[in-house]
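Coordinate analysis (summary)
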Amino acid sequence: MADQHSVVDGIHYHQHDVVIVGAGGAGMRAAIESAPKASTAVITKLYPTRSHTGAAQGGMAAALANVEEDSNEWHTYDTVKGGDYLVDQDSAEILTREAIDAVYDLENMGLPFNRTEDGKIDQRRFGGHTRDHGKAPVRRACYAADRTGHMILQTLYQNCVKHGVEFFNEFYALDLIMTEVDGVKRPAGIVAYELATGEIHVFQGKSVVFATGGFGKIYKTTSNAHTLTGDGVGIIWRKGLPLEDMEFYQFHPTGLAGLGILLTEGARGEGAILRNASGERFMERYAPTIKDLAPRDIVARSMVQEVLDGRGAGPHKDYVYLDCTHLGAEVLETKLPDITEFARTYLGVDPVTERVPVYPTAHYAMGGIPTNNDAQVLSDNETVVPGLYAAGECACVSVHGSNRLGTNSLLDINVFGKRAGNNAVAYAQTADFVPLPADAADGVVKMLAQLRESDGSESVAELRKALQETMDRNAQVFRTEETLQTALADVEKLRRRYPNVKVHDRGRRFNTDLLEAVELGFLLDLAEVLVYSAINRKESRGAHMRDDYPTRDDENFMQHTMAYLTAGLESPASDHIRLDWKPVRFTQYQPTERKY
Ligand SMILES: Cc1cc2nc3c(=O)[nH]c(=O)nc-3n(C[C@H](O)[C@H](O)[C@H](O)COP(=O)(O)OP(=O)(O)OC[C@H]3O[C@@H](n4cnc5c(N)ncnc54)[C@H](O)[C@@H]3O)c2cc1C
């Protein structure tokens with residue numbers, strides 16, 4: 001069924017059975033399930049193939065056992081231990097079990113994976129993925145050189161086109177309409193802004209899927225693209241729905257020093273080694289068994305520790321080296337061509353002959369919109385919002401707990417993207433449209449008018465920079481009560497200045513100036529929840545390392561954080577954020593000391 005489209009009072013109205021927000025891996029994987037069965041719209045602020053999934057480099061995990069012995073159970077164990085036991089274990093079991101089909105689905109759709117000599121999908125090592133419960137690294141990551149995400153995104157896009165998915169490219173979703181039906185709140189649709197024209201569109205859908213990706217732009221040094229501003233997570237938050245485990249933000253060990261541009265962990269998977277200024281392979285001290293292939297939280301912390309202890313390299317002793325020189329030109333040019341080029345282009349360093357300066361970079365949000373295993377969004381610890389789904393980096397299932405393993409996100413977006421699509425379309429086939437209120441678009445129209453017409457004096461770029469700088473300084477790899485309180489105070493100050501921002505471009509067409517102001521609003525909201533949740537978690541677990549509470553405290557904190565917005569955003573965080581806990585689900589693994 002084609003798009004049902006009408007225009008009333010200058011607002012465009014569309015009707016689709018399933019409305020998906022986001023055309024990254026998760027959104028398009030969902031669309032492939034839903035489009036053959038029901039009319040499906042994908043709203044995306046970026047042209048689909050520019051989504052961040054396309055920047056993913058190293059691989060996608062699945063225990064195919066193509067090159068050495070492996071099992072789903074080992075993969076589950078690694079995922080649970082990698083997440084420092086905050087993972088919901090039944091969800092991790094689904095992730096690793098469905099991984100096998102997720103890879104073969106992509107292969108059948110045409111994805112050109114690297115191959116072994118006998119024609120099977122090749123697999124490489126990655127951090128935290130081990131044989132037999134931590135005995136040694138295992139080759140589990142399926143890959144296409146260091147362009148795995150690019151290949152996934154292109155493959156999914158082609159298949160969406162094949163299935164007649166209707167894309168609304170460069171449309172920014174800015175609001176979710178929720179309507180109460182028989183005492184239950186349900187999604188009625190999405191309000192979006194069309195970049196090319198400045199016009200407002202309301203997409204009515206029987207079910208709505210959020211797949212809007214991460215929010216790395218709350219940090220300054222990040223591997224994330226400029227557009228990863230957490231809009232979807234922010235929209236959900238402003239609707240009064242909870243966010244889960246926001247304090248857990250992952251720092252990837254190997255960002256190009258000073259820039260944050262990512263060098264895939266696949267480099268270490270292929271044998272690259274981290275060294276400090278004196279050339280020592282320091283990971284031998286921190287993780288004697290799997291060394292450079294320890295999970296990211298441990299490697300990132302070890303690198304920062306080396307620098308803090310004065311063993312950093314460079315004129316300011318503020319980075320360490322990634323040494324690929326022993327891998328040889330052929331491995332670098334064929335299996336890691338993009339990152340080899342990145343090092344040459346951005347730092348003028350040739351990995352074939354020189355060590356590459358690296359330092360941790362903000363990379364991945366473990367937390368986000370809470371969902372169950374069917375990708376249904378939750379309004380508290382258990383209650384489902386009928387018709388509302390989320391998948392991918394914006395969601396928190398939780399399969400990553402407090403620290404995601406490399407290659408488990410490309411897996412997550414495929415497994416839970418597929419589940420979201422299947423369940424959203426099944427729901428749409430039985431449900432009716434929820435009536436749209438007459439004023440559906442009013443909130444967005446008002447917000448944009450205020451920003452566009454404001455005579456304020458604050459600069460969006462300056463506020464964003466100040467936010468990113470305080471987050472880099474105070475809510476990074478190591479945190480304390482003091483640094484987090486500083487970050488919170490800074491974010492609150494910035495939030496008070498935000499209503500006063502000036503948008504210079506007052507026009508309608510391609511007004512990116514206006515949208516950057518909107519995105520800054522989401523960044524500020526999410527940074528505040530992140531820091532507030534981090535203050536509350538007085539222990540160290542996974543990516544959340546508190547210098548003042550350096551050990552894991554299972555007795556008090558083996559629980560997910562659930563944050564709720566309770567009042568207007570104008571007040572201090574303590575007046576409008578309520579924090580609660582949600583139990584972690586266990587199946588087979590009891591928490592033990594996490595050694596590698
Ligand atoms: C450099 C880099 C390398 C990585 N390498 C790997 C790897 O090798 N293996 C691995 O497992 N993981 C990797 N990751 C992580 C992984 O790629 C991401 O977590 C994952 O791809 C996210 O997919 P997604 O579909 O959730 O979101 P994205 O791919 O980020 O897509 C988000 C979509 O939402 C849309 N959107 C956002 N806001 C709006 C809005 N307001 N209105 C409309 N549309 C909106 C965007 O247009 C986009 O289409 C990497 C990440 C980075 C940054």
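Residues numbered from 1 in each chain as written. Predicted model: local features only at pLDDT ≥ 70, side-chain atom pairs only at ≥ 80, totals over all residues. Heavy atoms only, no water.

Quick notes on the overall build of the chain
Helix and strand counts for the chain come out as 17 helices and 25 strands. Taken over C-alpha atoms, the radius of gyration comes to 23 Å for the chain, in line with the 25 Å a tight globule of 596 residues would show. With the C-alpha coordinates of the chain rotated into their principal frame, the extents come out at 70 × 55 × 50 Å. Looking at the chain residue by residue over its 596 residues, the buried ones come to 63%. Long-range contacts, defined as pairs at least 24 residues apart, comprise 74% of the intrachain contacts of the chain with a sequence gap of at least 6. Surface exposure of the chain reaches about 20700 Å², of which carbon and sulfur atoms provide 47%. (Helix = DSSP H or I, 4+ residues; strand = E, 2+ residues; numbered from the N terminus. Rg over C-alpha atoms; globule rule 2.2 N^0.38 Å. Buried < 20%, exposed > 50% of the residue type's maximum accessible area, 1.4 Å probe, protein only. Contact = heavy atoms within 4.5 Å. Areas by Shrake-Rupley, 256 points an atom, 1.4 Å probe, with all protein chains shown as cover.)

Examining the site of the ligand
Near the ligand, the surroundings consist of 39 residues, among which S51, H52, T53, G58 and L410 are the closest. In this structure, an oxygen atom belonging to the ligand sits 2.8 Å away from a main-chain N or O atom of A23. Protein contact buries 97% of the 1000 Å² of open area that the ligand shows by itself. Counting only elements with at least two residues in the shell around the ligand, the list comes to α1 (25–34), β3 (40–44), β8 (171–181), β15 (356–365) and α11 (408–430). Counting residues per element, the shell around the ligand draws most heavily on α11, at four residues. A per-class count over the shell around the ligand returns 16 nonpolar, 19 polar and four charged. (Near = heavy atom within 4 Å. Polar contact = N/O pair within 3.5 Å; in protein donor to acceptor, adjacent residues only side chain to side chain. Nonpolar A, V, L, I, M, F, W, Y, C, P; charged D, E, K, R; others polar.)

A short note on the sheet that holds strand β13 (residues 273–275)
Strand order in this open sheet of four strands is β12-β15-β14-β13, and the pairing throughout is antiparallel. Of all the strands in the sheet, the pair left with one neighbour each is β12 (249–256) and β13. The average angle at which neighbouring strand axes cross in this sheet is 45°, direction not considered. Here strand β14 (residues 320–323) runs beside β15; their pairing, made up of three bridges, is antiparallel. From the neighbouring strand, L322 faces β15, where its bridge partner is V356. (Pairing = 2+ DSSP bridges. Axes fitted to C-alpha atoms, helices over the stretch in contact; angles between N-to-C directions.)

Here we look at the domain arrangement of the chain
Along its sequence, the chain is organised into domain 1 (255–360) and domain 2 (442–552). The C-alpha-based centres of domain 1 and domain 2 are spaced at 30 Å. Both sides together, the interface formed by domain 1 and domain 2 hides about 480 Å², and carbon and sulfur atoms give 72% of it. Among the residues domain 1 hides against domain 2, the three largest losses belong to D297, R301 and V304. Together they make up 71% of the total. Here domain 1 is connected to domain 2 by zero salt bridges. The tally of links from domain 1 across to domain 2 stands at one residue pair in polar contact (both at pLDDT 80 or more). The residue makeup of the side of domain 1 that touches domain 2, split by class, is four nonpolar, one polar and two charged. (Domains from an automatic or database assignment. Buried area = accessible area lost by both parts, 1.4 Å probe. Salt bridge = Lys/Arg side-chain N within 4 Å of Asp/Glu carboxyl O.)

Remarks on helix α12 (residues 442–453)
The end-to-end C-alpha separation of α12 is 16 Å, in line with the 16 Å expected for 12 residues at 1.5 Å each. What α12 keeps buried is the set V444, L448, L451 and R452. Here the buried residues of α12 occupy an arc of 95° about the axis, which is enough to place them on one side. Residues of α12 that are exposed and point more than 90 degrees away from the buried face comprise K446, Q450 and E453. In this structure, the buried side of α12 is in contact with β8, β9 (184–194), β10 (200–210), β22 (501–502) and α15 (512–536). (Expected span 1.5 Å × (residues − 1). Arc of directions from axis to C-beta.)

Observations concerning the side chain of R124
Within the secondary structure layout, R124 lies in strand β5 (residues 123–131). For R124, a relative accessible area of 2% translates into the label buried. Of the polar contacts made by the side chain of R124, one reaches the backbone oxygen of G58; its length is 3.0 Å. Among all residues touching R124, those that are not within four sequence positions of it are G58, V138, R139, R140, A141, Y143, A145, G266, E270, K335 and L336.

Quick look at the pairing of strand β18 (residues 384–390)
A regular strand places its side chains so that they alternate between the two faces of the sheet. For β18, the buried fraction is high: five of the seven residues fall into the buried class. Here β10 runs beside β18; their pairing, made up of three bridges, is parallel. Note on β18: the bridge partner recorded for V208 is L388. Pairing between strand β17 (residues 376–378) and β18: two bridges, direction antiparallel. When the sheet's bridge partners are listed, Q376 is paired in β18 with Y389. Joining the antiparallel neighbours β17 and β18 is a turn of five residues.

Description of the nonpolar core
Among the nonpolar cores identified, the biggest contains 89 residues, and I190, F210 and M471 are the most heavily contacted of them. If one sorts the elements of this core by residue count, α15 sits on top with 16 residues. Once you skip the residues sitting within four places of it in the chain, F210 turns out to touch V21, L176, I190, G232, I235, I236, I369, L388, Y389, A390, A391 and C394. (Core = buried A, V, L, I, M, F, W, Y, C linked by side-chain atoms within 4.5 Å.)

Examining the sheet that holds strand β6 (residues 136–142)
Spatially, the three strands line up as an open sheet ordered β4-β6-β5, and their pairing is antiparallel. Among the strands making up the open sheet, the edge pair consists of β4 (60–61) and β5. Note: β4 against β6, two bridges, orientation antiparallel. Each bridged residue has a counterpart across the sheet, and for A61 the counterpart in β6 is A141. Against the sheet, helix α2 (residues 72–82) contacts β4, β5 and β6, and its axis sits at roughly 60° relative to β5.

Describing the pattern of salt bridges
Using the criterion set out here, one finds 54 salt bridges in the structure. The partner of R552 in a salt bridge is D84, with the nearest N and O atoms 2.7 Å apart. Taken together, the residues span a long stretch of sequence, with R552 in the loop between β23 (545–546) and α16 (554–557) and D84 in the loop between α2 and α3 (89–109) at a distance of 468 residues. Taking the relative accessible area as the measure of exposure, D84 reaches 6% and is therefore buried. When salt bridges that share partners are traced, they join D84, E247, D297, R301, R537, E539, R541, R552, D554 and R594 into one network.

Notes on the packing of helix α14 (residues 481–497) against α15
Between two packed helices, both the angle of their axes relative to each other and the distance between the axes serve to describe the pair. Two elements in contact, α14 and α15, have axes separated by 9 Å at closest approach and are oriented at 155°. When the axes of α14 and α15 are compared, the pair comes out roughly antiparallel. Classified by chirality, the crossing of α15 by α14 is left-handed. Residues E481, L484, Q485, A487, L488, V491, E492, L494 and R495 of α14 form the contact with α15, whose own contacting residues are L524, D525, A527, E528, V531, Y532, A534 and I535. (Parallel < 35°, antiparallel > 145°, perpendicular 65-115°, else oblique. Left-handed = near helix turned anticlockwise from the far one by under 90°.)

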